[in-house]
Amino acid sequence: MTKAKIIGLGSYYPEKVLTNKDFEKMVETSDEWIRTRTGVEERRIAAQDEFTSDMGAEAAKKALRDANLNESDIDFILVATSTPDYIFPSTACLIQEKLKANNIPCLDIQAACSGYVYALTLAKSLVETKTYKNVLIIATEKLSSIVNYKDRKTAILFGDAAAASIVSLKGKGLAIKSTYLSASGKEADLLMLPAGGSRHPASIETVKENKHFLQMQGKEVYKHAVRRMTEAIEKCLEQANLTEKDISWLIPHQANERIIDAIAKRFEHLESDKVFKEVVRKFGNTSASSVGLALDILKKENRIKPKEKILLSVFGAGFAWGACILEND
Ligand code: COA
């Protein structure tokens, strides 16, 4: 069977840079603490009038140009985000309008930081079953809209960005060889946005209690992230009948350099120069966008050679996690 491929990639990040030094003026922290505990040096912050759909649409336009396609060539839009413009209508519908795309199905999915790999897996099924031809997937996040900048434990970690990909059976690109997805709702309360949904609708109390901001038990999340991303890498390699020696690039979710190092240490044959960390350093944790942004950077800089295999592994709230193996043409 012909495998689905990523035939176009694009990304977008806002102009405004927020450095660790800037944080020193906002909360009791230091550049040194942030770098050693997380690896993050700076992150991008969207303008007040720049929204998740705007960033997603910009990334999508670049992915379409990269694939030599027009807006009218896409027949499905799938958006992964935890920071939609609205609860409804979907951000996918808003992006369809911004792109002036045809009246095609538009759908948001919520898999938190794992959204890009979840979306890629769904897009792969949609095109391999020949239900749709060119699926546009977009991961886009304005995390600055849900981060409490007075909470030094979380604020320093996150940034805004978007990444888009076109998935199709035709054209040259990165073949999606294998994907693995999983989730466990048991740990839902370790990382969440408590209010704004049906359980805690917005009220004066929810605002006073900071329940419209992201909340996280950092230490617990850290442990699960290492364990689950390691599991996902192993399962995905096994499914594809490959070993770590076959992988040229490991792109783990760009949440924290220490998490990435802890995962890499578990794979003896993955040398450190194969493990991608540049996005976490320069953009912080951009949630669903993180691995898509990393992939776009690697591809645009021609750092992926013909026939090389790339392994993406992701983890996020839910908990939801996964991995996928791509092979360059
Ligand atoms: N600057 C300075 N000190 C800070 C700080 C900051 N930005 N944030 C926390 N601290 C302090 C704490 O208050 C605590 O002080 P105390 O010992 O006096 O109470 C101390 O540093 C240690 O805090 P702790 O929360 O135990 O730190 P940690 O080593 O677990 O690191 C994280 C915190 C958030 C960096 C770490 O838990 C982590 O990376 N977790 C995973 C987060 C993640 O990636 N989530 C997304 C997954 S999708």
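Values in this document were obtained by computation on a predicted structure and should not be read as measured data.

A.B. asks: I'd like a description of the site of the ligand, backed by residues and values.
C.D. replies: In the vicinity of the ligand lie 22 residues, with Thr 29, Arg 37, Arg 152, Gly 218 and Asn 256 positioned nearest. Here an oxygen atom of the ligand and a side-chain polar atom of Arg 37 are 2.7 Å apart. Lys 219 has a polar side-chain atom sitting 3.0 Å from an oxygen atom of the ligand. Contact with the protein chains removes 78% of the 960 Å² of surface that the ligand exposes when unbound. Taken together, the elements giving at least two residues each to the shell around the ligand come down to helix H2 (31-38), helix H6 (152-155), helix H8 (218-239), helix H9 (257-265) and strand S12 (309-316). Ranked by residues supplied to the shell around the ligand, first place goes to H8 with four residues. In terms of residue class, the shell around the ligand is made up of nine nonpolar, seven polar and six charged.

A.B. asks: I'd like a rundown of the packing of helix H3 (residues 52-66) against helix H4 (residues 91-99), residues and numbers included.
C.D. replies: Put simply, H3 and H4 touch, their axes get as near as 9 Å, and they point 55 degrees apart. Looking at the two axes, H3 sits oblique to H4. Crossing handedness for the pair H3 and H4: right-handed. Contacts from Thr 52, Ser 53, Asp 54, Gly 56, Ala 57, Ala 60 and Lys 61 in H3 reach Thr 91, Leu 94, Ile 95, Lys 98 and Leu 99 in H4. A per-class count over the contact of H3 with H4 returns five nonpolar, four polar and three charged.

A.B. asks: Tell me what's going on with the pattern of salt bridges, and back it up with residues and numbers.
C.D. replies: One pass over the full model with this rule turns up 23 salt bridges. Glu 24 serves as the salt-bridge partner of Lys 21, at 3.7 Å between the closest nitrogen and oxygen. Taken together, the residues Lys 21 and Glu 24, both in helix H1 (residues 20-24) and three residues apart, mark about one turn of the helix. The shortest N-O distance in the salt bridge between Asp 22 and Lys 25 comes to 3.8 Å. On the basis of relative accessible area, Asp 22 is assigned to the partly exposed category, the value being 22%. Judged by its relative accessible area of 69%, Lys 25 falls in the exposed class. Because the salt bridges share partners, they merge into one network encompassing Asp 31, Arg 35, Glu 41 and Lys 282.

A.B. asks: Before we move on, can you summarise the packing of H8 against H9 with the specific residues and values?
C.D. replies: Where H8 meets H9, the axes come as close as 9 Å, and the angle between the chain directions of the two elements is 40 degrees. One way to sum up the angle between H8 and H9 is to call them oblique. Both H8 and H9 take part in a crossing whose hand is right-handed. Contacts between H8 and H9 involve Tyr 222, Ala 225, Val 226, Met 229, Thr 230 and Ile 233 from the former and Arg 258, Ile 259, Ala 262 and Ile 263 from the latter. When the residues that make up the contact of H8 with H9 are grouped by side-chain class, the tally is eight nonpolar, one polar and one charged.

A.B. asks: I'd like a rundown of the sheet that holds S12, residues and numbers included.
C.D. replies: Reading across the sheet, the nine strands line up as S5-S4-S6-S7-S1-S8-S13-S12-S11 and stay open at both edges, with mixed pairing between neighbours. At either end of the open sheet lies a strand with only one pairing partner, and these are strand S5 (106-109) and strand S11 (249-252). Strand-to-strand twist across the sheet, computed as the mean angle between neighbouring axes with direction ignored, equals 25 degrees. Here five bridges tie strand S4 (residues 76-80) to strand S6 (residues 134-141), and the two strands are oriented parallel to one another.

A.B. asks: A description of the layout of surface pockets should follow, citing residues and the corresponding values.
C.D. replies: Size it by volume and the second largest pocket reaches roughly 180 Å³. Around the second largest pocket, the lining residues are Ile 7, Leu 69, Val 127, Lys 130, Tyr 132, Lys 133, Asn 134, Ser 168, Leu 169 and Lys 170. Of the residues that constitute the lining of the second largest pocket, the class distribution is five nonpolar, two polar and three charged.

A.B. asks: How would you sum up the state of the cysteines? Please name residues and give values.
C.D. replies: Counting across every chain of the model gives zero disulfides. With no disulfide of its own, Cys 93 has Cys 106 as its nearest cysteine by sulfur position, at a separation of 4.6 Å. Take Cys 113: it sits in no disulfide, and the sulfur closest to it among the cysteines is that of Cys 324, at 16 Å. What makes Cys 113 buried here is its relative accessible area of 9%.

A.B. asks: Go over unusual backbone geometry with me, naming the residues and quoting the values.
C.D. replies: With omega at 5 degrees, the peptide bond leading from Phe 88 into Pro 89 counts as cis. Tracing the backbone shows Pro 89 in the loop between S4 and H4. Residues Gly 318 and Phe 319 are joined by a peptide bond in cis, for which omega reads -5 degrees. Note on placement: Phe 319 falls in the loop between S12 and strand S13 (320-328). The phi dihedral of Asn 210 is positive, around 60 degrees, even though this residue is not glycine.

The rules behind each value
- Residues numbered from 1 in each chain as written.
- Predicted model: local features only at pLDDT ≥ 70, side-chain atom pairs only at ≥ 80, totals over all residues.
- Heavy atoms only, no water.
- Near = heavy atom within 4 Å.
- Polar contact = N/O pair within 3.5 Å; in protein donor to acceptor, adjacent residues only side chain to side chain.
- Areas by Shrake-Rupley, 256 points an atom, 1.4 Å probe, with all protein chains shown as cover.
- Helix = DSSP H or I, 4+ residues; strand = E, 2+ residues; numbered from the N terminus.
- Nonpolar A, V, L, I, M, F, W, Y, C, P; charged D, E, K, R; others polar.
- Axes fitted to C-alpha atoms, helices over the stretch in contact; angles between N-to-C directions.
- Parallel < 35°, antiparallel > 145°, perpendicular 65-115°, else oblique.
- Left-handed = near helix turned anticlockwise from the far one by under 90°.
- Contact = heavy atoms within 4.5 Å.
- Salt bridge = Lys/Arg side-chain N within 4 Å of Asp/Glu carboxyl O.
- Buried < 20%, exposed > 50% of the residue type's maximum accessible area, 1.4 Å probe, protein only.
- Pairing = 2+ DSSP bridges.
- 1 Å grid on protein atoms, 1.4 Å probe; cavity = no way out; pocket = protein on both sides within 12 Å on 5 of 7 lines; lining within 4 Å.
- Points joined across faces, edges and corners; volume = space filled by probe spheres on them.
- Disulfide = S-S within 2.5 Å.

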